[in-house]
Amino acid sequence: MQEFKLNNNKEKITLGGGCHCCTEAVFQSLKGVTNVLQGYALLKAPNKFSEAVIVEFDNSIITLQDLIEIHLYTHKSTSQHSMRENYVSAVYVFSEIQQMQAINAIQKFQKHFSKTIITEVLKFKDFKASREDIQNYYLKNPSKPFCERYIHPKLQLLNEKFKYHTKENFI
């Protein structure tokens, strides 16, 4: 497993809900996010993993609440679709404080959604990084059909709804 080390003054959170290539691109596009590692978060031992990303961020630039709000809007956080077992909608927390913050954020943002948010708050257990050839997928392949069909709409949503958090000229 790839080691994910924190820099000084940085926090981390793990987020899952959709394709990790899409989720990776969403969070790489944000100011205050210093590192994103895509892979698989452990749900149940010994081998039940779901696609996710670990996001390292500077809380003085972007807060955990901001990241959770963006996460809820950029994947199907209210849908029990056929691929939900591979794409568990979750916030994987590293502490009890993060757990309380995540629960409160999801409750706060529920009023902005017509359907019930199904995103779970789970304790982080373990993580396996994706293969090297798909790490930074969007950054390496922005004009591939997959990126144009699935990632570009998410990045456009970010530019419309969360422009103050997005890096200039990311798309």
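Here the structure is shown first, and the text comes after it.
These numbers were taken from a predicted model, which means no experiment stands behind them.

Enquirer: Hey, could you run me through the packing of helix 2 (residues 64-73) against helix 3 (residues 96-109) in this one?
Expert: When two helices pack together, their arrangement is captured by the angle between the axes and the distance separating the axes. At a minimum axis distance of 9 Å, the contact between helix 2 and helix 3 shows a crossing angle of 50 degrees. Taken as axis vectors, helix 2 and helix 3 run oblique relative to one another. Both helix 2 and helix 3 take part in a crossing whose hand is right-handed. Judged by residue contacts, L64, Q65, I68, E69 and L72 of helix 2 engage Q98, Q101, A102, A105, I106, K108 and F109 from helix 3. When grouped by side-chain class, the residues that make up the contact of helix 2 with helix 3 number seven nonpolar, three polar and two charged.

Enquirer: Help me understand the environment of A102 in this model?
Expert: Mapped onto the fold, A102 is located in helix 3. As for A102 and N59, which are separated by 43 residues in sequence, their C-alpha atoms are 14 Å apart. Discounting residues that sit within four places of it in the chain, A102 has contacts with I68, V91, V93 and V121.

Enquirer: Hey, could you run me through the pairing of strand 4 (residues 90-93) in this one?
Expert: For a regular strand, side-chain orientation follows a simple rule: the groups alternate between the two sheet faces. Side chains A90 and Y92 of strand 4 all project onto a buried face; the interleaved residues V91 and V93 project onto the opposite face, where all are buried too. Across three bridges, the pairing between strand 1 (residues 11-16) and strand 4 is antiparallel. Bridged to L15 within strand 4 is V91. Strand direction decides the pairing type here: strand 4 and strand 5 (residues 120-123), joined by four bridges, are parallel. Paired with A90 across the bridge in strand 5 is E120. The parallel pair strand 4 and strand 5, bridged by helix 3, forms a crossover whose chirality is right-handed.

What counts and how
- Residues numbered from 1 in each chain as written.
- Predicted model: local features only at pLDDT ≥ 70, side-chain atom pairs only at ≥ 80, totals over all residues.
- Heavy atoms only, no water.
- Axes fitted to C-alpha atoms, helices over the stretch in contact; angles between N-to-C directions.
- Helix = DSSP H or I, 4+ residues; strand = E, 2+ residues; numbered from the N terminus.
- Parallel < 35°, antiparallel > 145°, perpendicular 65-115°, else oblique.
- Left-handed = near helix turned anticlockwise from the far one by under 90°.
- Contact = heavy atoms within 4.5 Å.
- Nonpolar A, V, L, I, M, F, W, Y, C, P; charged D, E, K, R; others polar.
- Buried < 20%, exposed > 50% of the residue type's maximum accessible area, 1.4 Å probe, protein only.
- Pairing = 2+ DSSP bridges.
- Right-handed = clockwise from strand over helix to strand, strands pointing away.

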